[in-house]
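Next come the chains, spelled out residue by residue.
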Amino acid sequence: SVRSNVKPKAAAENITPQQFATMTQRLAVKLREQPNDAQGWTMLARAYMALGRSNDATMAYDRAVLLVPDNAALLAEYAHALATGNNNSFAGRPRELVAEGLKLEPNNPRILALAGSAAFEAKDFDAAIRYWEQLLAQVPKESDITTEIVASIDAARAALGQKPEASTNASVTGTV
């Protein structure tokens, strides 16, 4: 699963948007002095995404990935940021990052979700279904995400002219 560096909920609720923006700016200044801090660049990228600054986030992710190139979760975040800044399109570099992530961790849930979306966008509906079914095997059957994944699979099947399968396919198995 994707690890998060988010602080406990109570602490996060007490931070105003202005304070968060100020903290993000301080982190950016700190990273000018410590440019090899991969965790710092990742935190800065996540903060920029939270602030809706996807272009700044992609620059921070670019730096983090240069420092830690073999981290599938980080590649997934970077691909998502690039796609967000590109009108939610995975064309080009985002698709390449997803492919790299799949090579590193073919069962990473975040990578599988993005791979399905990228394949669907490229009209490779069979591949989208495969990725999303693989993801479906890893999530709790009664979760909201299960409903979203099933809807995505059904959309891909509809694009292929197939009928949707009954709710969650009981034959899908897997481990987390």
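Figured I'd write up the structure that's included with this text.

Definitions and limits used
- Residues numbered from 1 in each chain as written.
- Predicted model: local features only at pLDDT ≥ 70, side-chain atom pairs only at ≥ 80, totals over all residues.
- Heavy atoms only, no water.
- Core = buried A, V, L, I, M, F, W, Y, C linked by side-chain atoms within 4.5 Å.
- Buried < 20%, exposed > 50% of the residue type's maximum accessible area, 1.4 Å probe, protein only.
- Helix = DSSP H or I, 4+ residues; strand = E, 2+ residues; numbered from the N terminus.
- Contact = heavy atoms within 4.5 Å.
- Expected span 1.5 Å × (residues − 1).
- Polar contact = N/O pair within 3.5 Å; in protein donor to acceptor, adjacent residues only side chain to side chain.
- Phe/Tyr/Trp six-rings, centres within 6.5 Å; stacked < 30°, edge-to-face > 60°.

### Notes on the nonpolar core
Counting 43 residues, the largest nonpolar core has Leu44, Tyr61, Val98, Trp132 and Ile149 as the members making the most contacts within it. Elements represented by at least two residues in this core include exactly α2 (17-33), α3 (38-50), α4 (54-67), α5 (72-85), α6 (93-104), α7 (109-121), α8 (125-136) and α9 (144-159). In this structure, Tyr61 is in contact with Ala45, Arg46, Met49, Leu74, Glu77, Tyr78 and Ala81, ignoring residues within four places of it in sequence.

### Quick notes on unusual backbone geometry
We note that Asn88 has phi near 60°; this positive angle belongs to a residue other than glycine. Positioned with a positive phi, Lys123 is a non-glycine residue whose angle comes to about 65°. Mapped onto the secondary structure, Lys123 falls in the loop between α7 and α8.

### Brief notes about α5
Two residues of an α-helix separated by three or four positions point the same way, owing to the 3.6 residues in each turn. An ideal rise of 1.5 Å per residue puts 20 Å on 14 residues; α5 measures up with 20 Å between its terminal C-alpha atoms. For α5, the buried fraction is high: eleven of the 14 residues fall into the buried class. Within α5, burial applies to Ala72, Ala73, Leu74, Leu75, Ala76, Glu77, Tyr78, Ala79, Ala81, Leu82 and Ala83. Among the structural elements, α3, α4, α6 and α7 are those in contact with the buried residues of α5. Sitting at the amino-terminal end of α5 is Asn71, which places a side-chain oxygen 3.1 Å from the backbone nitrogen of Ala73. Positive phi shows up at Asn87, right after α5, with a value of about 55°.

### Section: the packing of aromatic side chains
Evaluation of the coordinates by the stated rule reveals three aromatic pairs. With a centroid separation of 5.9 Å and an interplanar angle of 35°, the aromatic rings of Phe120 and Trp132 are classed as tilted. A residue pair is termed long-range when its members are at least 10 positions apart, and Phe120 in helix α7 and Trp132 in helix α8 qualify at twelve residues. What makes Trp132 buried here is its relative accessible area of 7%. The rings of Phe120, Phe125 and Trp132 are connected pair by pair, giving a single aromatic cluster.

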